Amino acid sequence: MNIYQQGRIFMGRLEKDEDLYQQITKIVRENEIETGIVKVIGAVQKANIGYYRQDEKEYIYQQFNQPLEIVSCIGNVSLLEENPMVHAHIALAAKDGTTYGGHLGEGTIVFAAEVYIQEVKGDKLRRKFDSETELTLW
Ligand code: ZN
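Before going into details, it helps to say that this report is about the structure given with it.

Here is what the cut-offs are and how they apply
- Residues numbered from 1 in each chain as written.
- Predicted model: local features only at pLDDT ≥ 70, side-chain atom pairs only at ≥ 80, totals over all residues.
- Heavy atoms only, no water.
- Donors = N, O, S within 2.8 Å, 3.2 Å for Na, K, Ca; no water.
- Helix = DSSP H or I, 4+ residues; strand = E, 2+ residues; numbered from the N terminus.
- Phe/Tyr/Trp six-rings, centres within 6.5 Å; stacked < 30°, edge-to-face > 60°.
- Lys NZ or Arg CZ within 6 Å of the ring centre and 35° of its normal.
- Polar contact = N/O pair within 3.5 Å; in protein donor to acceptor, adjacent residues only side chain to side chain.
- Contact = heavy atoms within 4.5 Å.
- Buried < 20%, exposed > 50% of the residue type's maximum accessible area, 1.4 Å probe, protein only.

Attention now goes to the coordination of the zinc ion. Surrounding the zinc ion are the protein donor atoms His-87 (NE2), His-89 (NE2) and His-103 (ND1), at 2.0 to 2.1 Å. Written as a sequence motif, the donor residues of the zinc ion are H-x1-H-x13-H. Taken together, the residues His-87 in strand 5 (residues 83–93) and His-103 in strand 6 (residues 99–104) connect sequence positions 16 residues apart.

Okay, structure coming up:
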């Protein structure tokens, strides 16, 4: 385990119609956050959520073309080939309370989103290809 200290904290809201994943990545890269923690609550107009098939070793994505509440979206920032990369998961609730969740993909469109990004300072946290899972892991 690496040990980190708290760095800068960014809080704010995203605009309606922005792509949730792309905007978080933009904020992270513009502010040169190399390692960090991401949390979001709010609502989306539609969502694109991934599920990693462990047997096939590939992501399958499912689109939800309906308004959904962001019950929880948590993620992290670390380096992939020296570029800050956001990895986030999201739980979304429909009108009847049914929840869907998974790996946050591009194409998840904001209705309203309150974002918290905390930078952490310390050793660089890098992703590299793991042959057992075929994922880029720490
Ligand atoms: Zn994931």
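What follows continues from the structure just given.
A few words on the packing of aromatic side chains. By the definition in use, this model includes three aromatic pairs. Of the aromatic side chains, those joined through ring pairs into one cluster are Tyr-52, Tyr-59 and Tyr-61. One Lys or Arg, Lys-39, reaches over the ring of Tyr-116 and ends 5.3 Å from the middle of that ring.

Residue position: Thr-108 is located in the loop between strand 6 and strand 7 (109–122). In terms of polar contacts, Thr-108 uses its side chain to reach the backbone carbonyl oxygen of Gly-105, at 3.1 Å. If near-sequence neighbours (up to four positions away) are discounted, Thr-108 is found in contact with Glu-18, Asp-19, Leu-20, Val-44, Lys-46, Ala-47 and Asn-48.

Positive phi values are uncommon outside glycine, yet Glu-32 reaches one of about 50 degrees. As for its position among the elements, Glu-32 is in the loop between helix 1 (20–30) and strand 2 (36–53). In this model, Glu-134 sits at a positive phi of 60 degrees, which is unusual for a non-glycine residue. Topologically, Glu-134 is positioned in the loop between strand 8 (126–130) and strand 9 (135–137).

The next subject is helix 1. Turning to helix 1, its buried residues number three or more, namely Leu-20, Tyr-21, Gln-23, Ile-24, Thr-25 and Val-28. Of the surrounding elements, those touching the buried residues of helix 1 are strand 1 (4–14), strand 2, strand 4 (68–80), strand 5, strand 6 and strand 7. For helix 1, the N-terminal cap is Asp-19; the gap from its side-chain oxygen to the backbone nitrogen of Tyr-21 is 3.2 Å.

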